[in-house]
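A look at the structure
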Amino acid sequence: MSYNSLYICGMTGTGKTESVTKVIEIIEGENKENNGTTFRSLFLNCVDFDTNMKLIKCIYNFIFSKKAPTIKASKYLNILDNFFSERNNYNGSIYLNDPTNSHIILIIDEIDYLINKCQILLYHIFNWSTYKNSKLIIISISNLINIKDLFLDKIISRFGQNKLMLK
């Protein structure tokens, strides 16, 4: 089963990040021109985060209008899991940074920096897109062509089959 995710890979300098950035600019421009489905995007370059906790807090702050409290990473993941699994219950919530409940495009550049022994964060992120009403689209970018070879089986099952290789 393929969820709302796309993996873009290719050698350094092939324009992966630039291509995604341009497409997102087009989508955001079209958002302003019509009243149909709206999208908001969050670009995360994993090189910029020295801990998974900082990345999780960045996602949390993007979604919720209240600043991330000081709690354990597992608590953030539980809150975000609940948000994506029960997304319809958050329509119009004052706690959202986006009261219109737009689709979220999560762009994760240099995703290979998140690969570690247990891969808990990767599991949660890709699991969010499996929920029926999550309204989440994940675009992951890496130089690694066969990144799935580095994933645990439980992540591969959620990663999907959508792959674009730039040569």
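Residue numbers restart at each chain and count upward from 1, following the sequence in its written direction. Totals for whole chains, interfaces and linings use all residues, but because this is a predicted model, local features are given only for residues with pLDDT of at least 70 and pairs of side-chain atoms are given and counted only at 80 or more. Excluded from the side-chain calculations are hydrogens and water; all other atoms, namely the structure's heavy atoms, are used.

Working definition: helices are DSSP H or I runs of at least four residues, strands are E runs of at least two. Numbering for both runs from the N terminus. Secondary-structure assignment places S19 in helix 1 (residues 16-33). The class of S19 is partly exposed, set by a relative accessible area of 38%. Classification of residues uses two cut-offs on accessible area relative to the type maximum, computed with a 1.4 Å probe and protein chains only: under 20% is buried, over 50% is exposed, and between them is partly exposed.

Moving on to the confidence of the model for the chain. Scored by pLDDT, the chain comes out at a mean of 84, with 89% of its residues at no less than 70. Strand 3 (residues 103-109) holds the highest mean pLDDT among the elements of the chain, 94, whereas helix 5 (residues 153-159) holds the lowest, 70. Per-residue confidence from the prediction method is given by pLDDT, with values spanning 0 to 100.

Now for the sheet that holds strand 1 (residues 5-10). When DSSP finds two or more bridges between two strands, those strands count as paired. The parallel open sheet is built from five strands, whose spatial order is 2-3-4-1-5. Pairing within the sheet leaves two strands with one partner each, and these edge strands are strand 2 (39-45) and strand 5 (163-166). Direction aside, neighbouring strands of the sheet carry axes that sit 15 degrees apart on average. Working rule for contacts: check all heavy atoms of both residues, and any pair within 4.5 Å makes them a contact. Note on definitions: angles span 0 to 180 degrees between N-to-C directions of axes, and those axes are lines fitted to C-alpha atoms, for helices only across the stretch in contact. Here helix 4 (residues 120-128) sits on the sheet and contacts strand 1, strand 3 and strand 4 (136-142); the angle it forms with strand 4, its principal contact strand, is near 135 degrees.

Okay, the packing of aromatic side chains next. To describe a pair of aromatic rings, one takes the distance between the centres and the angle between the planes. Working definition: a ring pair exists when centres of Phe, Tyr or Trp rings (six-membered ring for Trp) sit within 6.5 Å. Plane angles under 30 degrees give stacked, over 60 give edge-to-face, the rest tilted. A full pass over the atoms with the stated rule returns five aromatic pairs. Ring centres of Y60 and F64 lie 4.9 Å apart, and the angle between their planes is 40 degrees; on these two criteria the pair is classed as tilted. Pair check on accessibility: Y60 and F64 agree, each one buried. A centroid spacing of 5.4 Å and a plane angle of 70 degrees characterise the contact between Y60 and Y76, whose relative ring orientation is edge-to-face. Taken together, the residues Y60 in helix 2 (residues 52-63) and Y76 in helix 3 (residues 73-85) connect sequence positions 16 residues apart. Residue Y60 shares its accessibility class with Y76, and that shared class is buried. Here the aromatic residues Y60, F64, Y76, F83, F84 and W128 are joined through ring pairs into a cluster of three or more. If you follow R40 out to its NZ or CZ, it ends over the ring of F62, 4.1 Å from the centre. In this analysis the charged atom, NZ for Lys or CZ for Arg, is taken to sit over a ring once it is within 6 Å of the ring centre and within 35 degrees of the ring normal.

Here the focus is helix 4. Of all nine residues making up helix 4, seven are buried, and the element is well covered by its neighbours. Here helix 4 has its buried residues at L121, L122, H124, I125, F126, N127 and W128.

This part takes up unusual backbone geometry. Leave glycine aside and you will find that most residues have negative phi; peptide bonds, for their part, are mostly trans. Located in the positive-phi region is E110, a residue other than glycine, with phi close to 55 degrees. One can find E110 in the loop between strand 3 and helix 4.

Once that is clear, we can look at the nonpolar core. Counting residues in hydrophobic clusters, the biggest one holds 34 residues, and the most contacted among them are I59, I63, L114 and I125. Residue contacts for L114: discarding those within four places in its chain leaves C46, N52, L55, I108, L121, L122 and I125. In plain words, nonpolar cores are sets of buried Ala, Val, Leu, Ile, Met, Phe, Trp, Tyr and Cys residues tied together by side-chain atoms within 4.5 Å.

This part covers the environment of C46. Examined against the element boundaries, C46 turns out to sit in the loop between strand 2 and helix 2. Each residue touching C46, except ones within four places of it in the same chain, is listed here: L55, I108, D109, E110, I111, Y113 and L114.

Before going further, it helps to spend a moment on the packing of helix 2 against helix 3. Describing two packed helices takes the angle between their axes plus the distance from one axis to the other. Where helix 2 contacts helix 3, the axes come no closer than 10 Å and their chain directions differ by 35 degrees. Viewed along their axes, helix 2 and helix 3 form a crossing whose handedness is left-handed. Mapping the contact onto sequence places M53, I56, K57, I59, Y60 and I63 in helix 2 and A73, Y76, L77, I79, L80, F83 and F84 in helix 3. In terms of residue class, the contact of helix 2 with helix 3 is made up of twelve nonpolar, no polar and one charged. Helix crossings get a hand from a simple test, with the near helix turned counterclockwise from the far one by less than a right angle marking a left-handed crossing and a clockwise turn marking a right-handed one. For this classification, the nonpolar set comprises Ala, Val, Leu, Ile, Met, Phe, Trp, Tyr, Cys and Pro, the charged set comprises Asp, Glu, Lys and Arg, and every other residue, Gly included, is treated as polar.

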